Structure formats: C-alpha cells, structure tokens
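# Coordinates in review
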Amino acid sequence: ARSVAHNAEWRVWLAARLRAAGLGCDDSAANFVLARLADAESAAACDAHLQTQGLIVRRVAAYGLPAALRITVD
C-alpha cells in the first residue's frame, strides 16, 4: 500500500512537471508516465541528455511510439 501511494503521488507530480515544460504526457495508473515529445529526434536527444544527468528512461519506438519516452516512478 505504501508503494502504491508513493507511486501515485510522484506520478502525478512528474506528469504535472512534464506538462508545465510543454510536453505531452499521457494519464497513467501504472508506475510510469509516457512523455510525448515533438518527434523521434527530440526523444533521442532528450534521452541522451537525461543519461548525462544519470537518469535512465526507456525509449518506446519498438512499441510504435518513436516520439515518446517511458519514465518510471521509483
């Protein structure tokens, strides 16, 4: 129950921050959010930058979403 509550709180926080930064973000009930960027190149650049900051996200082009990044709430 504590993990579910933690994920719910931070998932909402993360989605709000992504939207405030001008990114699309799907509503989620899982332990991740799906950030929508302008195109595949933007997603790749964002992923590369986040890696330089020690943050690992998942590219989801293989799922037919080349302009999106899956960001796990942990």
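First things first, this report covers the structure right here in the doc. None of these values were measured; they are calculated from a predicted model.

What counts and how
- Residues numbered from 1 in each chain as written.
- Predicted model: local features only at pLDDT ≥ 70, side-chain atom pairs only at ≥ 80, totals over all residues.
- Heavy atoms only, no water.
- Helix = DSSP H or I, 4+ residues; strand = E, 2+ residues; numbered from the N terminus.
- Expected span 1.5 Å × (residues − 1).
- Buried < 20%, exposed > 50% of the residue type's maximum accessible area, 1.4 Å probe, protein only.
- Arc of directions from axis to C-beta.
- Contact = heavy atoms within 4.5 Å.

## Structural notes on helix α1 (residues 2-20)
- End to end, α1 covers 27 Å across 19 residues, agreeing with the expected 27 Å (1.5 Å per residue, within 8%).
- Within α1, the full set of buried residues consists of Asn7, Arg11, Leu14, Ala15 and Leu18. Projected onto a plane normal to the axis of α1, the buried residues spread over an arc of 100° and lie on a single side. With respect to the buried face of α1, the exposed residues turned more than 90 degrees away are Arg2, Glu9, Val12 and Ala20.
- In this structure, the buried side of α1 is in contact with β1 (24-25), β2 (32-36) and β4 (65-72).

## Comments concerning the side chain of Arg70
- Within the secondary structure layout, Arg70 lies in strand β4.
- If we ignore the near neighbours within four places in the chain, the residues touching Arg70 are Asn31, Phe32, Val33, Leu34, Val57, Arg58 and Val60.

## Topic: helix α2 (residues 40-52)
- Helix length check: α2, at 13 residues, gives a terminal C-alpha distance of 19 Å against a target of 18 Å (1.5 Å per residue), a fit within 8%.
- Among all positions in α2, only Ala43, Asp47 and Leu50 are buried. Burial along α2 is one-sided: seen end-on, the buried residues are contained in an arc of 65°. Among the exposed residues of α2, those pointing more than 90 degrees away from its buried face are Glu41 and Thr52.
- The inward-facing, buried residues of α2 abut β3 (58-60) and β4.

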